[in-house]
Number of protein chains: 12
Amino acid sequence: MSVVKSTLPEADLKVVGEALQGALVDLVDLSLVAKQVHWNVVGPRFRSVHLQLDEVVTTARLHSDSVAERASALGVNPDGRSASVARSTAIREVPSGWIKDVDAVRILVDALGVVVGRMRERIEATADPDPVTQDIIIGLTADLEKHAWMFQAESE
Amino acid sequence: MSVVKSTLPEADLKVVGEALQGALVDLVDLSLVAKQVHWNVVGPRFRSVHLQLDEVVTTARLHSDSVAERASALGVNPDGRSASVARSTAIREVPSGWIKDVDAVRILVDALGVVVGRMRERIEATADPDPVTQDIIIGLTADLEKHAWMFQAESE
Amino acid sequence: MSVVKSTLPEADLKVVGEALQGALVDLVDLSLVAKQVHWNVVGPRFRSVHLQLDEVVTTARLHSDSVAERASALGVNPDGRSASVARSTAIREVPSGWIKDVDAVRILVDALGVVVGRMRERIEATADPDPVTQDIIIGLTADLEKHAWMFQAESE
Amino acid sequence: MSVVKSTLPEADLKVVGEALQGALVDLVDLSLVAKQVHWNVVGPRFRSVHLQLDEVVTTARLHSDSVAERASALGVNPDGRSASVARSTAIREVPSGWIKDVDAVRILVDALGVVVGRMRERIEATADPDPVTQDIIIGLTADLEKHAWMFQAESE
Amino acid sequence: MSVVKSTLPEADLKVVGEALQGALVDLVDLSLVAKQVHWNVVGPRFRSVHLQLDEVVTTARLHSDSVAERASALGVNPDGRSASVARSTAIREVPSGWIKDVDAVRILVDALGVVVGRMRERIEATADPDPVTQDIIIGLTADLEKHAWMFQAESE
Amino acid sequence: MSVVKSTLPEADLKVVGEALQGALVDLVDLSLVAKQVHWNVVGPRFRSVHLQLDEVVTTARLHSDSVAERASALGVNPDGRSASVARSTAIREVPSGWIKDVDAVRILVDALGVVVGRMRERIEATADPDPVTQDIIIGLTADLEKHAWMFQAESE
Amino acid sequence: MSVVKSTLPEADLKVVGEALQGALVDLVDLSLVAKQVHWNVVGPRFRSVHLQLDEVVTTARLHSDSVAERASALGVNPDGRSASVARSTAIREVPSGWIKDVDAVRILVDALGVVVGRMRERIEATADPDPVTQDIIIGLTADLEKHAWMFQAESE
Amino acid sequence: MSVVKSTLPEADLKVVGEALQGALVDLVDLSLVAKQVHWNVVGPRFRSVHLQLDEVVTTARLHSDSVAERASALGVNPDGRSASVARSTAIREVPSGWIKDVDAVRILVDALGVVVGRMRERIEATADPDPVTQDIIIGLTADLEKHAWMFQAESE
Amino acid sequence: MSVVKSTLPEADLKVVGEALQGALVDLVDLSLVAKQVHWNVVGPRFRSVHLQLDEVVTTARLHSDSVAERASALGVNPDGRSASVARSTAIREVPSGWIKDVDAVRILVDALGVVVGRMRERIEATADPDPVTQDIIIGLTADLEKHAWMFQAESE
Amino acid sequence: MSVVKSTLPEADLKVVGEALQGALVDLVDLSLVAKQVHWNVVGPRFRSVHLQLDEVVTTARLHSDSVAERASALGVNPDGRSASVARSTAIREVPSGWIKDVDAVRILVDALGVVVGRMRERIEATADPDPVTQDIIIGLTADLEKHAWMFQAESE
Amino acid sequence: MSVVKSTLPEADLKVVGEALQGALVDLVDLSLVAKQVHWNVVGPRFRSVHLQLDEVVTTARLHSDSVAERASALGVNPDGRSASVARSTAIREVPSGWIKDVDAVRILVDALGVVVGRMRERIEATADPDPVTQDIIIGLTADLEKHAWMFQAESE
Amino acid sequence: MSVVKSTLPEADLKVVGEALQGALVDLVDLSLVAKQVHWNVVGPRFRSVHLQLDEVVTTARLHSDSVAERASALGVNPDGRSASVARSTAIREVPSGWIKDVDAVRILVDALGVVVGRMRERIEATADPDPVTQDIIIGLTADLEKHAWMFQAESE
């Protein structure tokens, strides 16, 4: 059953579909990672980091919706189920238990670094097959790089 | 490192902590399931179901935050990481690909039914050890049962 | 045709269903009574009482919706039709024609007193069979008792 | 006790007062009927009809207030008590229990049809004695006819 | 210099222009009278009357703008200068100094009564020459009669 | 297929339906004309006229929706398709290319003059068959005449 | 009857009371003058001047309320009745009929100039007897001088 | 008269100007088509489709303004007059009369498909001559493709 | 530890610091007194006085924050602890238990009278040493005198 | 004078009244303590702690109003006067002068710990005599425990 | 000290960093130039130009923040100090003193023309090294070109 | 060309004009300095300082507009051009490159200290010649001293 007719040729669609599915997994997991740290962070900078993490969650949720709906709009089924996310995410698992604020910052620098790296590859991959998708990924990468700067700026 | 001092005795805390951790996993997965169906649903009732699912997502996200922060407030570490969610959720996995609107409704009836059943047990379990936690779970169960009614009312 | 499957056993459901149906009738009639007085009140305190009555209407409408939807969520059909309300309400009928402000206050003290008394019984009745329903009735009783205080405080 | 001095001669006032009292009863009962169906509707179109009915409730409540306050402004006592509404309404009683969505639509087509018909007569009756009252009834009839169109447009 | 071309024949325009100019003077003076009482009222009902008067001011200012701009739209120059208002108003002058709350209510009942009476004449006068202007005067008369009811309802 | 049952007798419906269809075409074209000038106007008064034109667009769009939905509510199919509008509009076609601000003002004075003239006829035509429709046309004519005044007031 | 006890000695109160009464008359008349020009202005700059005048009205109304309530707070009865305003205002009467935009600007430059000049004197007069009143007059003078600048800046 | 100096060389400007003019016509007609169906749709899904169509109207109006103003900013005169739109649109004319909901969905799938196809060509055409214009067309294409997905998802 | 460097010479700072500390105590206690009466007032004017008192609370809380932060800004430690307030307040203690509305008004007239008297002295005292602080106290005194007028105006 | 009739038997009322009065004193003092630290805190984390404290103030003020009005609604006079608060509070007095940020955090951990402990006892005490009151105290305890967690999480 | 790790290779970073630094200086100076003219403009079109200039200020401030934070996000230090801006800006200095409205328009046409020209070069320069930065500059250029059109359209 | 006529004598105007021009330069540069640090700050307190600096920017921009428009209102040309600001500012230049958070705080303490000192002199200088201008400078100094306190409170 393929109800939505893609506006792209098959080969292009494959490249674009993979980019969007990869971006979806990364963004859903980023939202879960940021929430996990948001709840478990401790230390003198608790409040500042706690609030900052919720802004990452907001960004990640917003863009996960954009890329998933973009996939659907192209006729590709997005997969954001917990098992799929757990299996495919490139973000290293956050340790359980309380997380010191300095570690929280470092975890986010790492997670954002990994996700931004993969998004950069997707920008390149989608440029020719679908500039509309590329534009969406460019936009979310700008937001992620801004978050990455802020966590780097406050890492010790 | 145990930074937050619980206001409950050890035995009570164990019961309450498990109830909150269970509720957290159920709610995070409910939010992911509802989004998955939100993106992949098709059929004449697409728009109605698509919008309704986002209201479930909003409810699930709001309450997952409440129960996770309640756990932290009691000195128990909440665990909402993708792998933990995938491993512990009681909601059956949604099939991949397009989902017909009648199936979407049925999936939600089932998922909400399972989660509500477990929440009912948690209401009973937390009554004595911590009425504050119980009140939070009572509140979110009312919301989930309202969503459950609506999906049942429109199932065919 | 019983489309919504109750999460409660039959016996409990009967008790809870009666409590909700009784609350619904009381709240719908309270909204009509408060509007009737709102339109017909006269006297030096007209404006103050006229405005205060609309706050009672808002409270009664809000909670009549909550209890009716709670009934539906449990698989019990709420009945808020005019004939049912006229037949089952416990609030004494307001006299027709202009109502002096002091009488308006007394009418509300009486009406709220009757409704609160019956809600108190419902809080007790629903405690065991369904703490979720009980919590909703506790919440609306708090609001009604606040209105009751205010009308008592200004009665002469 | 006749505290508000009418600006109309006695004979005109009688005609206008009856029109307003009739409109009040119809609108209050319309709000109760629409809420009753809002709570008890089931079927594939549940969500759409459920939401649409609340818009009818909003319209009916808004205009019932306008006509009741218009009556008071002319020195005529509005009567919106549950017993009066139950006794005088021209809308056929809604059956108790769950209501299928197709039946819900038909019930509203009928109820709105009856009310619009009576409002049309009131527009004619009030034209000469009080163009101010007529203008209010013209305005609410426009709103009711718009709702009537929408339910007709979706009836099967 | 007659820059705005009227859409009405000369004779009709004269009637309509006089109605609008008369309405303008009444409404501007009503706003000044209500403010004067708003500032000088004293007595146990001070706060209630003080607030109620500002609602009259809001109504009077809103509608004075409507009728003045309606005049301009027909090519008739509105005149709302203080000297013109002082000279042509039909409202009796408010006494200087503190005004007891019961007197304040009586002053408003009188002022609104006078203005409403004149507006009723204007509704009749404008019906044939310009139904658009009539509709504006009908709308503002409804508002003024509502204020008049409220002050009568609280007069002792 | 005639799904919406008119509340008017056949002969009245014909008159009212033509008035509404004519009004719809005029208002849709007015919105397109005002946008065309909004985009192409030049001259020292560019900004003022550019902004003013968007207020005409807002008015025209709002009322085109009202008259079209009024037609549907009466069971008459509104026709606002581009070809129908182009064929039936009474507004003279705007020249292509840049439009000087003084010309822009004159174009709007003319367009509004033509439309107001036709609306005046529709007010008369609908008075007897349907005062509800007439009330809608009276209301929009008031708005159009206000715009017409403003453009006349600033024409050179 | 002197219900409000002044916090100032008699002599100071006289000076301050006169300053406030003078300011009240000037501000009420300024609001009427600005509205009069707002309704009657014509010319290429119509829209700009029309809108700008309403900002003067807003300022004048806001501050007339402040100074009148300040007078009451000191136990001095403010007098803003139309006859009092017409008799005591220092602003020259605006001519009747259409007003060209260049004349409109000049009228406002003159009116604001006169009012500002008198306010400057009141700032000096109230400095010693009541710095609280002075602060209010300083604040409103700043606003009036800003309006005065803008009309001067655009006068030809 | 060429008042706005383009920042592009002549040849590039021609390509870009044609892309923008084509996009303008398509978007204006899309807004008229969506409104036509919005008013005339009937069937069980009436309400859902009726609301969804207004979102298409909002999108089409927003972007028609963007492309028209982009044309002006480049010194090219946009042409959105009804006759031009009727003559140049690529969207097939909607049949007159009531439109069944399933047909309404199909009409939108077709219309959006045609417009998206042409926008894709414009993205390619404008890439080199003006990446600023291209970025605007990429953005609106993303929105149109999202609407296209939703109508496809609910087509039967 | 003196972390904030004052911008004032020592002698001036002492005067200004005492004025601010005195103002802080008066305003904090005024907020507590107004709340106490807000909760315990009874009588026919209950609602009006109850609402009016909350406006005093809002004013008192707002300005207590301003004066405390002004003290900190000058390097003086504000002291708003309950024991300090209880010990230093100049407002007479409110009797416990229900308070009749006429007494409530009198209590506020007295409390505001005392506080305004002391603020007047602080305006004088701070004029030379710190016009910035004086300006803050002038502003809050205007607000307090407005409240004082209103309670006087309604005292019997 | 006992104007408000309690809905509880005497013995229950005594228990509930004491719980509410105790909660009121704790919450009022908590609001004063949090403001005191808000104004006097210094150190590198000044801004973060300063903002966080105002959220405690907001919580404490909101709930002090709820418990005081709940007491009144039961016919028990709440006592929130400064002397009563100073005498009965269980929170240790904050030292005067600047407060280092680490000390500020510790002070709040202690204050919230004490208040939460007492609230826990009140939850138990009110369970049987008045579940409505208990529900209010449960709700505010959840909020206080959340604040307590956050200050513990950031204590060093 | 280089705290933020760039995601770009050194050579690309140099190009992108220069583009961003150049854009920052241009945008900061544009905001200062627009404010300077906003304050000093005179002439019949004063109000229109004065308001329009503040929209340029808003645009320039918004985008100066975007490009500066983009630079930081790439690890390049933005320099928006007054001396740097004064030294590096490409916008010609505005003459001191009053500026006639026609000159104001010309000044903005020139300033926007210069800045747009340089932005066009930066779009080209950044295309390969960093499409994310390019997208930001494309977006702000669209806004600047829209402002440029408007000032050209009204230049004489 | 001196279009705006000052309301002050020449000598006073000179003093006041210099005070306003000086204040303008200081405030514009303060906004640029605060933005520069906002973009370049790094260190553990990055987020807190970054946000706090934007509040300084908001304050500085708001008041720079007030003083510039006050100058114009007096007929004195404000000069806020980048070269003038760079030449006349009293704030020491911020070093280029990353700025550690502790240094950022120190830079702001210094900058605010210098500006406040100069504002204090302007308050004195303008007291006699123009109390209206003085009031504006008093108000902005209060805001600057509040910012100064906060940065001092968090400096190490």
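Residues numbered from 1 in each chain as written. Chains lettered and ligands numbered in written order. Predicted model: local features only at pLDDT ≥ 70, side-chain atom pairs only at ≥ 80, totals over all residues. Heavy atoms only, no water.

Q: Can you break down the overall build of chain A residue by residue, with the values?
A: A tally of helices and strands in chain A yields five helices and two strands. Ordered by position from N to C terminus, the α and β elements of chain A give α-β-α-α-β-α-α. The C-alpha atoms of chain A give 16 Å as radius of gyration, which agrees with the globular expectation for 156 residues (15 Å, within 12%). Expressed along its principal axes, the backbone C-alpha trace of chain A runs to roughly 55 × 30 × 20 Å. (Helix = DSSP H or I, 4+ residues; strand = E, 2+ residues; numbered from the N terminus. Rg over C-alpha atoms; globule rule 2.2 N^0.38 Å.)

Q: Can you lay out the confidence of the model for chain A for me, pointing to particular residues and giving the numbers?
A: Confidence in the prediction of chain A, expressed as mean pLDDT, is 96, and 99% of residues score 70 or more. On the interface metric, ipTM, the complex scores 0.96, and its pTM is 0.97. (pLDDT = per-residue confidence, 0-100.)

Q: Pulling in residues and values, what's your account of the relation of the copies chain L and chain I?
A: At an RMSD of 0.0 Å, chain L and chain I line up after a rotation of 120° and a shift of 0.0 Å along the axis. Seen this way, the second copy is the image of the first under a three-fold rotation axis. Of every C-alpha in chain L, the one belonging to L:Asp135 sits nearest the axis of rotation, 4.7 Å from it. Comparing contact sets, just 9% of the residues at the interface of chain L also lie at the interface in chain I, consistent with a heterologous contact between different surfaces. (Least-squares fit on C-alpha atoms with pLDDT ≥ 70 in both. Contact = heavy atoms within 4.5 Å.)

Q: So, the pattern of salt bridges: which residues are in play, and what are the values?
A: Inspection of every chain in the model, using the stated rule, returns 168 salt bridges over all chains. B:Glu145 is the partner of B:Arg120 in a salt bridge, and the nearest nitrogen-oxygen pair spans 2.9 Å. You can see B:Arg120 sitting in helix H4 (residues 101-126) and its partner B:Glu145 sitting in helix H5 (residues 131-154), a full 25 residues away along the chain. On the basis of relative accessible area, B:Arg120 is assigned to the buried category, the value being 16%. On the accessibility criterion, B:Glu145 (3% relative accessible area) is buried. Among the salt bridges present, the one from G:Asp79 reaches G:Arg81, with a minimum N-O distance of 2.8 Å. G:Arg81 carries the same exposure label as G:Asp79, and that label is buried. (Salt bridge = Lys/Arg side-chain N within 4 Å of Asp/Glu carboxyl O. Buried < 20%, exposed > 50% of the residue type's maximum accessible area, 1.4 Å probe, protein only.)

Q: How would you summarise the relation of the copies chain I and chain J if you had to cite specific residues and measurements?
A: After a rotation of 180° and a shift along the axis of 0.0 Å, chain I superposes on chain J with an RMSD of 0.0 Å. Seen this way, the second copy is the image of the first under a two-fold rotation axis. It is I:Ser82 whose C-alpha, among those of chain I, lies nearest the rotation axis, at 3.0 Å. Interface overlap between copies: 97% of the residues of chain I at the interface are likewise at the interface in chain J, consistent with a symmetric, same-surface contact.

Q: Would you mind going over the arrangement of the chains in detail, with residue names and values included?
A: In this view chain B stays clear of chain E, with the nearest C-alpha atoms of the two still 39 Å from each other. The least C-alpha distance between chain H and chain J, which are not in contact, is 39 Å.

Q: So what's going on with the interface of chain L and chain I? Residues and values would help.
A: Listed as interface residues are 11 residues of chain L and, on the opposing side, 14 residues of chain I. Buried area between chain L and chain I, both sides added, is near 1100 Å², and the carbon and sulfur share of it is 59%. For the chain L face of the interface with chain I, the top three residues by lost area are L:Arg120, L:Trp149 and L:Gln152, together amounting to 50%. Linking chain L with chain I are three salt bridges, by the criterion used here. The closest approach of N and O atoms between L:Lys146 and I:Glu69, which form a salt bridge, is 3.0 Å. At the boundary of chain L with chain I, the tally comes to four residue pairs in polar contact (both at pLDDT 80 or more). For the side of chain L that touches chain I, the element with the highest residue contribution is helix H5 (residues 131-154) of chain L, accounting for eight residues. Considering only residue class, the side of chain L that touches chain I consists of five nonpolar, two polar and four charged. (Buried area = accessible area lost by both parts, 1.4 Å probe. Polar contact = N/O pair within 3.5 Å; in protein donor to acceptor, adjacent residues only side chain to side chain. Nonpolar A, V, L, I, M, F, W, Y, C, P; charged D, E, K, R; others polar.)

Q: So what's going on with the packing of helix H1 (residues 10-40) of chain I against helix H2 (residues 46-73) of chain I? Residues and values would help.
A: Residue and element names in this part refer to chain I. The contact between H1 and H2 brings their axes to 8 Å, and the two run at 160°. Between H1 and H2, the angle falls in the class roughly antiparallel. Two packed elements cross with a definite hand, and for H1 against H2 that hand is left-handed. Looking at the contact of H1 with H2 residue by residue, the class counts come to 15 nonpolar, five polar and four charged. (Axes fitted to C-alpha atoms, helices over the stretch in contact; angles between N-to-C directions. Parallel < 35°, antiparallel > 145°, perpendicular 65-115°, else oblique. Left-handed = near helix turned anticlockwise from the far one by under 90°.)

Q: Any details on the interface of chain I and chain J? Residues and values, ideally.
A: Chain I puts 39 residues into the contact, and the matching count from chain J is 38 residues. Surface buried jointly by chain I and chain J totals about 3200 Å² across both partners, of which 58% is contributed by carbon and sulfur atoms. In terms of surface lost to chain J, no three residues of chain I exceed I:Trp39, I:Arg81 and I:Trp98, which account for 26% of the buried area on that side. If you look at where chain I meets chain J, you find four salt bridges. J:Asp65 serves as the salt-bridge partner of I:Lys35, at 2.6 Å between the closest nitrogen and oxygen. Counting every contact that joins chain I to chain J gives 20 residue pairs in polar contact (both at pLDDT 80 or more). Of all elements in the fold, only H1, H2, helix H3 (82-88) and strand S2 (99-100) of chain I reach the threshold of two or more residues within the side of chain I that touches chain J. Ranked by residue count, the leading element in the side of chain I that touches chain J is H1(I), at nine residues. Here the residues of the side of chain I that touches chain J are counted per class, giving 17 nonpolar, 13 polar and nine charged.

Q: Could you give me a rundown of the packing of helix H2 (residues 46-73) of chain C against helix H5 (residues 131-154) of chain C, with the residues and numbers involved?
A: All names here are of chain C. With their axes 11 Å apart at the nearest point, H2 and H5 run at an angle of 170° to one another. Our classification of the angle between H2 and H5 gives roughly antiparallel. At the point where H2 passes H5, the crossing takes the left-handed sense. Within the contact between the two elements, H2 uses Val49, Gln52, Leu53, Glu55, Val56, Thr59, His63, Ser66, Val67 and Arg70 and H5 uses Val132, Thr133, Ile136, Leu140, Asp143, Leu144, His147, Met150, Phe151 and Glu154. For the contact of H2 with H5, a count of residues per class yields 10 nonpolar, six polar and four charged.

Q: Just give me the short version of the environment of L:Pro129, but keep the residues and values in it.
A: Residue and element names in this part refer to chain L. With respect to the helices and strands, the residue proline 129 is situated in the loop between helix H4 (101-126) and H5. Residue proline 129 is classed as buried on the basis of its relative accessible area, which comes to 12%. C-alpha of proline 129 to C-alpha of leucine 13: the two residues are 116 residues apart in sequence and 7.4 Å apart in space. If sequence neighbours within four positions are ignored, proline 129 has contacts with Leu8, Asp12, Val15 and Val16.

Q: Give a description of the UniProt feature "domain: Ferritin/DPS" (unreviewed entry) in chain A that names residues and reports values.
A: Taking the numbering used here, the UniProt-annotated feature "domain: Ferritin/DPS" (unreviewed entry) corresponds to residues 18-153 of chain A. For residues 18-153 of chain A, helix accounts for 79% and strand for 3%, while the C-alpha atoms at its two ends are 32 Å apart. (UniProt positions renumbered as here; feature names shortened; annotations may be inferred.)

Q: Would you mind going over the packing of aromatic side chains in detail, with residue names and values included?
A: One pass over the structure, following the stated rule, counts 12 aromatic pairs over all chains. On the basis of an interplanar angle of 70° and a centroid distance of 5.8 Å, the ring pair of G:Trp149 and K:Phe46 is categorised as edge-to-face. Within this pair, whereas G:Trp149 is found in helix H5 (residues 131-153), its partner K:Phe46 is found in helix H2 (residues 46-73), the two belonging to separate chains. In terms of burial, G:Trp149 and K:Phe46 fall into one category: buried. (Phe/Tyr/Trp six-rings, centres within 6.5 Å; stacked < 30°, edge-to-face > 60°.)

Q: Go over the side chain of A:Asp130 with me, naming the residues and quoting the values.
A: Mapped onto the elements of the fold, A:Asp130 is located in the loop between helix H4 (101-126) and helix H5 (131-153). Residue A:Asp130 is classed as buried on the basis of its relative accessible area, which comes to 0%. Here the side chain of A:Asp130 touches A:Arg70 through a polar contact of 2.9 Å, side chain to side chain. Sequence-distant contacts of A:Asp130, that is, excluding residues within four places in its chain, are made with A:Leu8, A:Val16, A:Arg70, A:Leu74 and H:Arg120.

Q: I'd love a proper account of helix H5 (residues 131-154) of chain J, names of residues and values included.
A: With 24 residues, H5(J) should cover 34 Å at 1.5 Å per step; its first-to-last C-alpha distance of 35 Å lies within 8% of that length. The buried fraction of H5(J) is high, at 19 of 24 residues. (Expected span 1.5 Å × (residues − 1).)

Q: I'd like a rundown of helix H1 (residues 10-40) of chain C, residues and numbers included.
A: For H1(C), which comprises 31 residues, the first-to-last C-alpha distance of 45 Å matches the rise-based estimate of 45 Å (1.5 Å per residue) to within 8%. Burial analysis of H1(C) places 24 of its 31 residues in the buried class, the great majority of the element.

Q: An account of the environment of E:Asp26 is needed here, citing residue identities and associated values.
A: All names here are of chain E. Overall, the relative accessible area of 0% leaves aspartate 26 in the buried class. Sequence-wise, aspartate 26 and valine 115 are 89 residues apart; in three dimensions their C-alpha atoms are separated by 6.4 Å. What aspartate 26 contacts, discounting residues up to four positions off in sequence, is Ala90, Ile91, Val115, Arg118, Met119 and Arg122. Among the polar contacts listed, one links the side chain of aspartate 26 to the side chain of arginine 122, at a separation of 3.1 Å.

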